[in-house]
Amino acid sequence: MRHYDLPPLAQLEAFEAAARCLSFTKAADELSLTQSAVSRQIKSLEEHFELALFRRLHRALRLTEEGETLRQAVGDMLAQLHEVSGRLRRRPGSRMVVVTTTPGFAGVWLIPRLASFTAAYPDVDVRISASNGFVNLDRDGVDLAIRYHTHEGVGAHADRLFGEVIFPVCSPRLARDPARPLKKPEDLRLHTLLHMEPNAAGVLQSWPMWLRALKLESLVPASVLHFSMYDQMIQATLAGQGVALGRSPLIDSLLRSRKLVAPFKQTMVSPRSYYVMQSAGAARKTEVQAFVAWLHDEASASAAGSAPRVAARAG
């Protein structure tokens, strides 16, 4: 007789991802599975409990009351297993830095610079967890979080890396297109505007806010494309697929190399900044403090290399 009457761990992992994302497709991407495989795992789990865990709506997914109860229990269980397994994997004397941050910051700013840290500290294993979700650093075994927030939102113990300036960017080829000039903001009506999904970007990265600030609320672009990840949107911008709202200093290296250009002078200063938050035990780890110092050095170098821009503060 089994000591614990539990469904397979794979089913619980699929359920937790789907419950957190409220999407079988996004859960499948996270778990490197197909959407149908996640659906089968959830169906098997519902058959195990003989009840529905999700309400399947038109283009939407919602947890039932029983599903929410299970989500809380499974989330806590998996987080504890993750933390314990991380401790067990760390060999005595091993040096590791675990960092959580947003996919946009990781893909566009952090990862391209990591080689300089690993060259200086080849014995330190840096692990990046890119997610828009907030984690409990101490519970989940994470050393550092780099987040985009207001000063009031992060609290007194967060270190500010840098602020952010927002302005339209495009590929040089698109900017030179004689059939579709980009001389003034009104010319955006001739182009495809690349959008971040509202739940992924927040209002400050939205074209409606930008156009409203320039009194161009009625402007209708030629077409639009939507993205859930900022680094994906920047890749589309580099490919000449449209005009995006660039975020400096995240994209400053692309501007300096002329892979992207800013066709207009108008910019907006975000009331949010990027902050580093540390776990309770981070201060005792020399490798974590070395990584924090490296982050600040890179942020200073990034700010020093930024071209001065005329900016108006966003309210």
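Fair warning: this is a prediction, and the values are worked out from it, not measured in the lab.

Let's shift gears to the packing of aromatic side chains. As enumerated under the stated definition, the model contains twelve aromatic pairs in all. Arg247 extends its terminal NZ or CZ atom over the ring of Tyr148, reaching a point 5.1 Å from the ring centre. The ring of Tyr230 has Arg247 sitting right over it, with the charged end atom 4.7 Å from the ring centre.

Right, let's get into the packing of helix H5 (residues 103-120) against helix H11 (residues 230-238). Their axes nearest at 7 Å, the elements H5 and H11 cross at an angle of 50°. Taken together, H5 and H11 sit at an angle that is classed as oblique. Residues Pro103, Gly104, Gly107 and Val108 of H5 form the contact with H11, whose participating residues are Tyr230, Asp231 and Ile234. Its residues placed into classes, the contact of H5 with H11 shows four nonpolar, two polar and one charged.

A few words on the pattern of salt bridges. Evaluated as defined, the whole model comprises twelve salt bridges. The partner of Arg71 in a salt bridge is Glu68, and the shortest N-O contact between them spans 2.7 Å. Pair noted here: Arg71 and Glu68 are both in helix H4 (residues 65-89), with a separation of three residues, about one helical turn. With relative accessibility at 30%, the residue Arg71 sits in the partly exposed group. With relative accessibility at 27%, the residue Glu68 sits in the partly exposed group. The network of salt bridges with shared partners includes Glu16, Arg20 and Glu30.

With respect to the element layout, Ser270 can be found in strand E10 (residues 268-278). In terms of polar contacts, Ser270 uses its side chain to reach the side chain of Tyr148, at 2.8 Å.

Position of Leu78 among the secondary structure elements: in helix H4. Taking relative accessible area as the criterion, Leu78 reaches 18% and is therefore assigned buried. The spatial distance from the C-alpha of Leu78 to the C-alpha of Glu16 is 8.6 Å, given a sequence separation of 62 residues. If we skip the residues at most four places from it in the chain, Leu78 touches Leu9, Leu12, Glu13 and Glu16.

Glancing now at unusual backbone geometry. Looking along the chain, the bond that leaves Ser248 and enters Pro249 is cis, with omega of 15°. One can find Pro249 in the loop between strand E9 (244-248) and helix H12 (252-256). The phi dihedral of Leu22 falls on the positive side, at around 50°, and the residue is not glycine. Inspection of the secondary structure assignment puts Leu22 in the loop between helix H1 (9-21) and helix H2 (24-31).

On to the confidence of the model for the protein chain, then. Averaged over every residue, the pLDDT of the protein chain is 85; the share at 70 or more is 90%. Of all the helices and strands in the protein chain, strand E11 (residues 312-313) carries the lowest mean pLDDT, 34, while helix H8 (residues 172-175) carries the highest, 95. Note that pLDDT drops below 50 for residues 307-315; the model gives that stretch 20 contacts with residues more than four away or on any other chain.

What follows concerns helix H3 (residues 35-49). Think of an α-helix as turning once every 3.6 residues; residues three or four places apart then point the same way. Taking 1.5 Å of rise per residue, the 15 residues of H3 would be expected to cover 21 Å, and the 21 Å separating its terminal C-alpha atoms lies within 8% of that figure. Those residues of H3 lying buried are Ala37, Val38, Ile42, Leu45 and Glu46. Downstream of H3 by one or two residues, Glu50 has phi in the positive range, about 60°.

What follows deals with the nonpolar core. Judged by nonpolar contacts, the single largest core of 57 residues is most densely connected at Phe105, Leu110, Leu161, Leu188, Ile251, Phe291 and Leu295. Of all the elements, helix H13 (residues 286-305) adds the most residues to this core, at seven residues. Look past the residues within four positions of Leu295 in its chain and what remains in contact with it is Trp109, Leu110, Ile146, Leu161 and Val276. Grouped together as the second largest cluster of nonpolar side chains are 18 residues, Phe15, Ala18, Leu63 and Val74 included.

Quick notes on the rules
Residues numbered from 1 in each chain as written. Predicted model: local features only at pLDDT ≥ 70, side-chain atom pairs only at ≥ 80, totals over all residues. Heavy atoms only, no water. Phe/Tyr/Trp six-rings, centres within 6.5 Å; stacked < 30°, edge-to-face > 60°. Lys NZ or Arg CZ within 6 Å of the ring centre and 35° of its normal. Axes fitted to C-alpha atoms, helices over the stretch in contact; angles between N-to-C directions. Helix = DSSP H or I, 4+ residues; strand = E, 2+ residues; numbered from the N terminus. Parallel < 35°, antiparallel > 145°, perpendicular 65-115°, else oblique. Contact = heavy atoms within 4.5 Å. Nonpolar A, V, L, I, M, F, W, Y, C, P; charged D, E, K, R; others polar. Salt bridge = Lys/Arg side-chain N within 4 Å of Asp/Glu carboxyl O. Buried < 20%, exposed > 50% of the residue type's maximum accessible area, 1.4 Å probe, protein only. Polar contact = N/O pair within 3.5 Å; in protein donor to acceptor, adjacent residues only side chain to side chain. pLDDT = per-residue confidence, 0-100. Expected span 1.5 Å × (residues − 1). Core = buried A, V, L, I, M, F, W, Y, C linked by side-chain atoms within 4.5 Å.

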